[in-house]
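# A structural walkthrough
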Amino acid sequence: MNKAVNDEVWSGSWVARRLGVELAGDDTLTDLLGLALRRNPKRAHLLVSNVLGKHVPQAPSVVYGHGVALGRRVRELLGDDAAREAVVLGYAETATGLGHSVADGVGLAPYLHSTRRPVAGVARAGGFEESHSHATSHLLLPEDPGLLAGDGPLVLVDDEFSTGNTVLNTIRDLHARYPRKRYVVVALVDMRSPADAGRLDDFAREIDARVDLVTTASGTVRLPEGVLEKGQDLVTRFEEAHSGARGGDMSGSAAWARTTADGHAARVDLRWPPGLPDGGRHGFTPRHRARLEAALPAMAARIAEALPKDARRVHVLGFEELMYTPLRLAHELERLLDGTEIRFSTTTRSPVLAVDDPGYAIRTRLVFPAHDDPADGPGDRYAYNVAGAGFDAVVAVVDSAADTPALHAPDGLLARLAGHTPHVLLTVVPSYVPGAAPAPERPAMLPEPLRGPAFSSYAPDEVGWLLQDLSDVTLEAPTEEREEAIQSGGAHYAESLPVEYQPSEQYQQLFHAALDASAARLATAVGVVTETVLAERSPRPVLVSLARAGTPVGVLMRRWAQDRHGLDLAHYAVSIVRGRGIDANALRWLATHHDPADVVFVDGWTGKGAITRELAAALDDFERAEGVTGFDREIAVLADPGACVRTYGTREDFLIPSACLNSTVSGLISRTVLRADLVGPHDYHGAKFYRELASADVSVAFLDAVSARFPEVRDAVDAAVKELLAADRTPTWEGWAAVERISEEYGIHDVNLVKPGVGETTRVLLRRVPWKILARAGAGADLDHVRLLAEQRGVPVEEVADLPYTCVGLIHPQYTRGATGADGKAVAL
């Protein structure tokens, strides 16, 4: 096997000819692997992966795609229930990014990778040896000591499965500490010899556990007798012949790469989300993944903006164990910069001979000193196949522990890169250290809440808005333009506002008819959720609604407490943004003026539970950063069809008429805005007051219609609350599971584009570019307004027999302005 696909020279042929090394196995092996030589007394040859993103620059979509595909196979093997109990463990340094990508493919499991970097204050939870490696000791340093202690499956991920020794050492060490019944070993290639192939099965029987193997390809390496000595002799002779290259950059030819003593690189501030780990060294949970996914488009856009406009080939270079974050940034750039070739690889500790020959996997190398103060002392580090590759720009991504004088020195990495490309950018990701998040500086005084009638059409005692007034700023953009910008990664949905929907006379009639029909039902749900809060959360709660859908509900709960118990409850509205968290300044104001333990966060309804998760994650971050404890992570909602919370008025998915309209049923306040040029670090999030829509405002009329029914539903509320308090209300997250299933069944593959429930479906039709509406077969008047809006926008409504919600709105996947049809045929799915 000496040719790759398309008759290109196989990048292992140089070694194969000189040492007689052969690869035997699957036809894809030579596409996946090349060969190189290294000075190592334990193994002469090096299998060089073409799809790992370590030694060979590769398209990030290829690198990430291989890992995610393996993860999906693991999830299929385990099943969803076992996958939720699993932990994915990747190996440093080479497989840290691959393991993280596999965890993304599994989707339900936390991720941890081994590390060679000790971290002060973090206890070691295990370790093992990699016998053939140049740097053998691995540490396991999870932030959560219980991460490895469960009895669910352990998924171990490495780039290659060569002898099985590393995996056996790992399982042996961890099984002695945390025994379990199932392991899954994942690798890009299984290259074990026949003699090694049975060892894993024997070991599984020995420890009485099941061990499965998931790989992309398999084969063996055939080594002639004496290959180790021959390989070392070949390396020695070649290095002696080219000894002039040792001091700096090294290729395999006489034309050594030039260097520069400048080392200058333009910095790009990613605005990394506070408290988000930079990778899996201390653990990375599905909640962390959701935060990263939401922040990636904006971070990649900042890099894209800093790149030269004429750059056509851009390389993103990660740093040793820091593989996943640079990979995901490169992947986002690949999506964002259509027409620009993006490649990804990382620096490494591994010393490999460079030979400038098409039949050799390592054509060039850059040599530079370690720049992260490694525990095992100073030494050389390497970047392969970057020199001479013709990149217009290189983006170096390092963690803050590696942003040292050595990085910027005349012989440092940045200087080496600058000798081979006209533009070098540097972006630094904060090194995550558990428990070490400092409190940011901030002004001592925060503004008092805004109140009506100066801000909103609600009475001043009904709600105080912990927002800043952006009424004089033009923020609206056409729905189609916003959708394209959001889905392309060029903008976050909270950076602009949709043009406010102006309802037709027919639609307004539907709203009033729905309000008349549902007012008593709404009043009952308001009473139930309020009485539950009073009974379980606080006798005098501070209601904090999530603007804006939660605000009418917060006002109604306040009115119920006043009407039924004579309580004059404080009520505020704050902003929470998916992917960006809750307004930390608003939390600071609340913590200063109230006991956090009395605060009850209020929203209108749950869909799949994204905001429920967002709130919990944001409060965790705030607690770590501020040291302020006591805020309850759970939202109280009027309706919980997604089964995401314990405190609710009902779990039925029915029409809440306030979902039918936008600002005209929410005090004339816009959705909240979070944009860096408008909202500084010491500002509340922003919103607009649409005074000009006063003639169409039904905000107070809606509240009055519902609260007028309070007296007649008291008995029904008392009976429902008694039953509810005695019931098991543990969240099942049925909604999230249903959304994941629908996302896959309809080929969308993005849960953020699936909006379940009547309220969320209405929002899709009012604010986004809808693709289609799924309606439960037999759904009645609750969907009259949905059908009308769908008809007005030319969106098909598809009846589904076993839909867990009354309806589900699907946002147009992969939307561009060319994808104007509602049937989705204008885009390739």
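Residues numbered from 1 in each chain as written. Predicted model: local features only at pLDDT ≥ 70, side-chain atom pairs only at ≥ 80, totals over all residues. Heavy atoms only, no water.

## Focus: the overall build of the protein
For the record, the criterion: Every helix listed is a DSSP run of H or I at least four residues long, and every strand listed is a run of E at least two residues long, numbered separately from the N terminus. Residue burial is assigned from relative accessible area. The probe radius is 1.4 Å, only protein chains are included, and a residue is buried under 20% of its type maximum, exposed over 50%, and partly exposed in between. Here the Shrake-Rupley method, with its probe set to 1.4 Å, supplies the accessible areas, and only the displayed protein chains count as covering residues.
When helices and strands are counted, the protein shows 23 helices and 33 strands. Here the protein, with 829 residues, has 60% of them falling under the buried criterion. Summing over all exposed atoms, the protein offers an accessible surface of approximately 31,400 Å²; the carbon and sulfur share of this is 50%.

## Brief notes about the pattern of salt bridges
Using the following cut-off: By definition here, a salt bridge exists when the distance from a side-chain nitrogen of Lys or Arg to a carboxyl oxygen of Asp or Glu is within 4 Å.
Under the definition given, this model contains 47 salt bridges. Put simply, Glu293 and Arg328 hold a salt bridge, and the shortest N to O gap is 3.0 Å. Separated by 35 residues along the polypeptide, Glu293 in helix α10 (residues 286-306) and Arg328 in helix α11 (residues 324-336) bring together distant segments of the chain. According to the relative accessible area criterion, Glu293 is partly exposed, its value standing at 28%. Residue classification places Arg328 among the buried residues on the basis of a relative accessible area of 1%.

## Concerning the environment of Ala696
Looking at the element boundaries, Ala696 is found in the loop between β29 (686-687) and α19 (699-707). Overall, Ala696 belongs to the partly exposed group, its relative accessible area being 29%. Residues Ala696 and Val665, spaced 31 residues apart in sequence, show a C-alpha to C-alpha distance of 9.1 Å.

## Observations regarding the pairing of strand β9 (residues 182-190)
Let me state the cut-off plainly: Handedness of a crossover: with both strands directed away from the viewer, a clockwise path from the first strand across the helix to the second marks it as right-handed. Any two strands with at least two DSSP bridges between them are considered paired.
Taken across its nine residues, β9 has nine buried, putting it largely inside the fold. In the classification by handedness, the crossover that spans strand β8 (residues 154-161), the intervening helix α6 (residues 165-177) and the parallel β9 is right-handed. Examined bridge by bridge, β9 and strand β10 (residues 210-222) share eight bridges and lie parallel to one another. Bridge pairing in β10 links Val189 to Ala217.

## Some points on the nonpolar core
Quick note on the threshold: To qualify as a nonpolar core, a set must consist of buried Ala, Val, Leu, Ile, Met, Phe, Trp, Tyr and Cys residues joined through side-chain atoms within 4.5 Å. Only heavy atoms enter the contact rule, under which two residues are in contact if any of them lie within 4.5 Å.
Among the nonpolar cores identified, the biggest contains 134 residues, and Leu37, Val88, Leu148, Val155, Val186, Tyr360 and Leu417 are the most heavily contacted of them. Among residues more than four places away in sequence, those in contact with Leu37 are Trp14, Val15, Leu19, Ala44, His45, Leu234, Val235, Val352, Leu353 and Tyr360. One finds Val528, Val600, Cys644 and Phe654 within the second-largest nonpolar core, a separate group that totals 83 residues.

## Observations regarding the sheet that holds strand β12 (residues 266-267)
Here is the rule we go by: Axis definition: a line fit to C-alpha positions, over the contact stretch in the case of helices; interaxial angles, taken between N-to-C directions, run 0 to 180 degrees.
Strand order in the open sheet formed by five strands is β12-β18-β17-β13-β14, and the pairing between neighbours is parallel. Edge positions in the sheet fall to β12 and β14 (341-346), since each has one partner strand and no second. In terms of strand pairing, β12 meets strand β18 (residues 424-429) through two bridges, oriented parallel. Bridge pairing in β18 places Ala266 opposite Leu425. Set on the sheet, α11 makes contact with β13 (313-318), β14, β17 (393-399) and β18; between it and β14 the angle comes to about 175°.

## Observations regarding helix α16 (residues 550-565)
Which entries qualify depends on this criterion: Residue count minus one, scaled by 1.5 Å, sets the expected span of a helix.
Across its 16 residues, α16 extends 22 Å between first and last C-alpha, which sits within 8% of the 22 Å expected from 1.5 Å per residue. With twelve of 16 residues buried, α16 lies mostly within the body of the structure. Those residues of α16 that sit buried are Gly550, Thr551, Pro552, Val553, Gly554, Val555, Leu556, Met557, Arg558, Arg559, Trp560 and Ala561. Immediately beyond the C-terminal end of α16, within one or two residues, lies Gly566, with a positive phi of roughly 70°.

## Examining the packing of aromatic side chains
How two aromatic rings sit relative to each other is set out by the distance from centre to centre and by the angle between their planes. Condition: The pairing test for Phe, Tyr and Trp rings, Trp by its six-membered ring, is centres within 6.5 Å, and the orientation test on the planes gives stacked under 30 degrees, edge-to-face over 60, and tilted for anything in between. By definition here, charges over rings are those cases where NZ of Lys or CZ of Arg is within 6 Å of the ring centre and within 35 degrees of the ring normal.
A complete count under the given rule lists eleven aromatic pairs for this structure. Seen from their ring centres, Phe284 and Tyr324 are 6.3 Å apart, and the 65° between their planes marks the pair as edge-to-face. Taken together, the residues span a long stretch of sequence, with Phe284 in the loop between β12 and α10 and Tyr324 in helix α11 at a distance of 40 residues. Residue classification places Phe284 among the buried residues on the basis of a relative accessible area of 3%. Grouped by ring-pair contacts, the aromatic residues Phe455, Tyr458, Trp465 and Phe689 constitute a single cluster. One Lys or Arg, Arg613, reaches over the ring of Trp733 and ends 4.5 Å from the middle of that ring. The ring of Trp736 has Arg613 lying over it, and the distance from NZ or CZ to the ring centre is 3.9 Å.

## So, the sheet that holds strand β33 (residues 807-811)
Hydrogen bonds between backbone groups are what pair the strands of a sheet, and the pairing can be parallel or antiparallel. Read across the sheet, four strands follow the order β30-β33-β31-β32 without closing on themselves; strand pairing throughout is mixed. The sheet terminates laterally at β30 (754-756) and β32 (797-800), the two strands that pair on one side only. Mean inter-strand twist for the sheet, computed between neighbouring axes without regard to direction, equals 20°. Here strand β31 (residues 770-776) pairs with β32 via four bridges, running parallel. Looking at the pairing, Arg776 lines up with Val800 of β32. Across the sheet, helix α21 (residues 734-745) is in contact with β30, β31 and β33; its angle to β30 comes to roughly 140°.

## Here's the deal with the environment of Phe710
Summarising the element assignment, Phe710 is placed in the loop between α19 and α20 (714-725). For Phe710 and Val526, which are 184 residues apart along the polypeptide, the C-alpha to C-alpha distance reads 8.9 Å.

## A few points about the confidence of the model for the protein
As a reminder, the rule being used: Known as pLDDT, the predictor's per-residue confidence is scaled from 0 to 100.
Residues at a pLDDT of 70 or more form 88% of the protein, whose mean pLDDT is 84. The secondary-structure element of the protein with the lowest mean pLDDT is helix α14 (residues 479-488), recorded at 45, while β14 shows the highest, at 98. Throughout residues 1-7 the model reports pLDDT below 50, and contacts reaching past four residues in sequence, or to other chains, amount to 17 contacts. Contacts of residues 437-444 to residues separated by more than four positions or lying in other chains number eleven contacts, the stretch itself having pLDDT below 50.

## Remarks on the packing of α16 against α19
Selection criterion: Note that the term roughly parallel is reserved for angles under 35 degrees, roughly antiparallel for angles over 145, roughly perpendicular for angles of 65 to 115, and oblique for everything else. By convention the crossing between two helices is left-handed if the near helix lies anticlockwise of the far one by an angle smaller than a right angle, and right-handed if it lies clockwise. Under the scheme applied, nonpolar residues are Ala, Val, Leu, Ile, Met, Phe, Trp, Tyr, Cys and Pro; charged residues are Asp, Glu, Lys and Arg; polar residues are all the others, including Gly.
Taken N-terminus to C-terminus, the directions of α16 and α19 make an angle of 40°; their axes are 10 Å apart at the nearest point. Compared by their axis directions, α16 and α19 come out oblique. The element α16 and its partner α19 pack so that their crossing is right-handed. For the pair α16 and α19, contact is made by Pro552, Val555, Leu556 and Arg559 and by Phe702, Leu703, Asp704, Val706 and Ser707, respectively. Among the residues forming the contact of α16 with α19, the class breakdown is six nonpolar, one polar and two charged.

## Remarks on helix α9 (residues 227-241)
Side chains that are three or four residues apart share a direction in an α-helix, a result of its 3.6 residues per turn. Using the following cut-off: Our arc is simply the arc of the directions from the helix axis toward the C-beta atoms.
For α9, spanning 15 residues, the distance from its first C-alpha to its last is 21 Å, which sits close to the expected 21 Å at 1.5 Å a residue. Every buried residue of α9 is accounted for by Val227, Gly231, Leu234, Val235 and Phe238. Down the axis of α9, the smallest arc covering the buried residues is 100°, so these residues share one side. Residues Glu229 and Glu240 are exposed on α9 and point more than 90 degrees away from its buried face. On its buried face, α9 is in contact with α1 (13-19) and β2 (33-37).

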